[in-house]
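Listed below are the residues making up each chain.
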Amino acid sequence: MKLAQTSTGFIVSHKNRTVLEHSEVSPALYLGIGQGTFDMYRGNFDISDYLSERLPLKKYSISENSDDIVVTFFVDGDAALEVRLFETAETRLKAEFKTLDDQYNRFWIRVAATENEAVFGCGEQLSYLNLRGKNFPLWSSEPGVGRNKSTYTTWQADVKDKAGGDYYTTNYPQPTFVSDKKYFCHLQTTAYADFDFSHAEYHELQCWNIPDYLLFDAEESFPELMTNITDVFGRQPALPDWIYNGVILGIQGGTEITLDKVSVAREAGIEVAGAWCQDWQGIKMTSFGKRLQWDWQWNANLYPDLDSKIHQMKEDGVRFLGYINPYVLEDFPLYEEAFEKGYLATKEDGSKYVVDFGEFYCGVVDFTNPEACEWYKGVIRANMIDFGLDGWMGDFGEYLPTDCSLHNCVSAEIEHNKWPYRWAKVQHEAIAEAGKTDDILFFMRAGATGMQGYCHALWAGDQSVIWEIDDGLASVIPAALSAGLMGNGISHSDIGGYTTLHGNKRSKELFQRWAEMAAFTPIMRSHEGNRPTDNHQFDTDSETMAHLARMTKIYKHLKPYIKAAVEENANKGMPVQRPLFMHYEQDSQAYQIQYQYLFGRDLMVAPVYNQGETVKELYLPEDEWVHVWSGETFTGGWINVDAPIGQPPVFYRKQSQDALLLAEIKNI
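Small disclaimer: the values here were computed from a predicted structure and weren't measured.

## A look at the UniProt feature "domain: Glycosyl hydrolase family 31 C-terminal" (unreviewed entry) in the protein
Feature annotation in UniProt assigns "domain: Glycosyl hydrolase family 31 C-terminal" (unreviewed entry) to the following positions: residues 573-655. End C-alpha atoms of residues 573-655 are separated by 23 Å, and the span's content is 0% helix alongside 35% strand.

Shown next, in the form of structure tokens:
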């Protein structure tokens, strides 16, 4: 770390990267006073800020000590903010912030930038991989239906459901970004934040409190940077071995239906690793479609004999997965128990507080209360793990309302973005304390800083069953890549999408193209969607089943390759799905490619995401790439390849140590 004083200010640099440039004409920091408003409707937020002051911190004094540098900033002659700059034991630059005037609750810092710099990350972003040129509000929420204000889908969702979303809405925001200059920058806050990458000379990072610190570090390569980032935030554990045995079929409707569908799938040659039955605890029908009965215990009426069948399925090589979230359904047994013991969030006066989830109401399990955490871990162990479940979807981490009161007395506005971390930690610890980390899978769509070491896998959320680029198949590619750069290197999506609303229905072609992509991701899992009868399913016809069977055989064939990539993620933080620049950092084009990815080191995947497309244009970095289906070798650049259904554009690196395994894909 270096601080160099200039005639007009100072410059802070670290490992030959300029971090802050401050002068009276162009200050690096601002403080302000604001009052935020958060209107939530079923996980969708309308957020506004009444900003009464934004003050540039022009005046400062510097105190250089043996192990740190303290810069004190003044407003109208009064000390307002203290910034302590130092290098950590790991040689990262850390800037700690301390407000000297409690009236300030808005903060801006300008990190030095170059005009052509590319930046990535900010959690899971579904519309853009390179974030340069736009601002990104960072608030955990429903990502919205359509996610593009210019589309008819989004307009309908906004008008009818208040749920349209935009390019930045996401289940998983994180105040961290990665630069093509091979550095990362993290602002430690859980408050509402907005990272603005639209300025030529700086990135302006805003948050609605005084952050704890800014952390900055750089490396000589992107793989080294990924290890550094995950040293900070944690690393996902490796996946259970059974995951690689095939697809996890999303099935609903009861024990008999589940067993029948698994049997039909296997007879058709589909490799089945598990059955994911999200309605294992019962269903509620609403105007949205099938919803779940949020009382987390086996529903013997819908799933008779599951207590014995679940073990028989496991012996037969098929795991059973369920569903849970951090809310309990009003007037049901778990709600009554939690309410009686004081384990639920309350209103400000301590009275009952429930959240509208769409024609039913639930209590918020208060994860700031250690006793509530232990109780919920007990629910997971007794009702799920001990019952025999081998995994589940851990849903709805992003719904914490800002107007409830919590046990730790911290504002729910500040806790909101942290809630997915708390939820992941409860689930992980329940599994770890049962000694099942190597055998149980859970996956979440919500994310937060620090959940990397607790959340075993991400899924990309509730994409619509459409071809639209911001909320369909295409969107899960930048989602996986951006989340991977944050240290969440195991990601997947619902094969075929989930949300069926306003006339959108899943087609056979979409299901098949999504299955093709899923075969080249860490986990294959299907979903019937919120309105199953409206959607094409894996067993709708024999052709679809034959296609899925082949894709699952390809996935299973790749088991040693995928498993090695997952182990690298667990040990070094290298994501399984990687942006092209991860290994081709000298290739300027690689930084702009967001709908292709490297699957491990040696497979290049360019999913078909346009309806009716049978010839695919794609980009290959300079290397020797073998087209899996034709065997033709390419050395780089933009190319066109045939891509009929059943032959997704996939290439392997000729020099790969796994070349023999990868060459065999075409024979499956």
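Still more to cover.
## Comments concerning the domain arrangement of the protein
Domains assigned within the protein are domain 1 (2-233), domain 2 (243-324 + 386-397 + 416-575) and domain 3 (581-667). Centre-to-centre separation of domain 2 and domain 3, based on C-alpha positions: 26 Å. With 28 residues of domain 2 at the interface, the matching set in domain 3 holds 34 residues. Between domain 2 and domain 3, the buried area comes to about 2700 Å², and carbon and sulfur atoms account for 71% of it. On the domain 2 side of the contact with domain 3, Arg513, Phe520 and Tyr561 bury the most area, a combined 29% of that side's loss. If you look at where domain 2 meets domain 3, you find zero salt bridges. On the surface where domain 2 and domain 3 come into contact, there are 12 residue pairs in polar contact (both at pLDDT 80 or more). Among the elements of the structure, α9 (476-485), α10 (508-518), α11 (542-557) and α12 (559-572) are those that each provide at least two residues to the side of domain 2 that touches domain 3.

## Describing the sheet that holds strand β1 (residues 2-5)
On the basis of which strands lie adjacent, the open sheet formed by three strands has the order β1-β2-β3 and antiparallel pairing. Across the chains shown, the open sheet's two edge strands, defined by having one partner strand only, are β1 and β3 (17-23). On average, each strand axis in the sheet is inclined to that of its neighbour by 15°, with strand direction left out of account. The pairing of strand β2 (residues 9-14) with β3 spans six bridges and is antiparallel.

## Observations concerning helix α2 (residues 222-233)
Under the 1.5 Å per step criterion, the end-to-end length of α2 is 16 Å for 12 residues, consistent within 8% with the ideal 16 Å. All of the buried residues along α2 are Phe222, Leu225, Met226, Asn228, Ile229, Thr230 and Phe233. On its buried face, α2 sits against β13 (176-179), β14 (183-188), β17 (213-218), α9 and α12. The first or second residue beyond α2 is Gly234, which carries a positive phi of 105°.

## Quick look at the pattern of salt bridges
Under the definition given, this model contains 42 salt bridges. Between Glu142 and Arg445 there is a salt bridge, with the nearest N and O atoms lying 3.1 Å from each other. Within this pair, whereas Glu142 is found in the loop between β12 (135-138) and α1 (152-161), its partner Arg445 is found in the loop between β27 (441-443) and β28 (458-459), the two being separated by 303 residues in sequence. With relative accessibility at 14%, the residue Glu142 sits in the buried group. Through salt bridges with shared partners, a single network forms among Glu374, Lys377, Arg381, Lys425, Glu429 and Glu433.

## A closer look at the nonpolar core
Ranked by internal contacts, the top residues of the largest apolar core, which has 166 residues, are Trp294, Tyr376, Leu441, Phe520 and Leu603. For this core, the leading source of residues is helix α6 (residues 370-385), giving eight residues. Discounting residues that sit within four places of it in the chain, Tyr376 has contacts with Trp296, Ile324, Asn325, Pro326, Tyr327, Val328, Val365, Phe367, Trp423 and Val426. Judged by nonpolar contacts, the second largest core, of 45 residues, contains Val19, Tyr104, Leu138 and Phe177.

What counts, and where the lines are drawn
- Residues numbered from 1 in each chain as written.
- Predicted model: local features only at pLDDT ≥ 70, side-chain atom pairs only at ≥ 80, totals over all residues.
- Heavy atoms only, no water.
- UniProt positions renumbered as here; feature names shortened; annotations may be inferred.
- Helix = DSSP H or I, 4+ residues; strand = E, 2+ residues; numbered from the N terminus.
- Domains from an automatic or database assignment.
- Contact = heavy atoms within 4.5 Å.
- Buried area = accessible area lost by both parts, 1.4 Å probe.
- Salt bridge = Lys/Arg side-chain N within 4 Å of Asp/Glu carboxyl O.
- Polar contact = N/O pair within 3.5 Å; in protein donor to acceptor, adjacent residues only side chain to side chain.
- Pairing = 2+ DSSP bridges.
- Axes fitted to C-alpha atoms, helices over the stretch in contact; angles between N-to-C directions.
- Expected span 1.5 Å × (residues − 1).
- Buried < 20%, exposed > 50% of the residue type's maximum accessible area, 1.4 Å probe, protein only.
- Core = buried A, V, L, I, M, F, W, Y, C linked by side-chain atoms within 4.5 Å.

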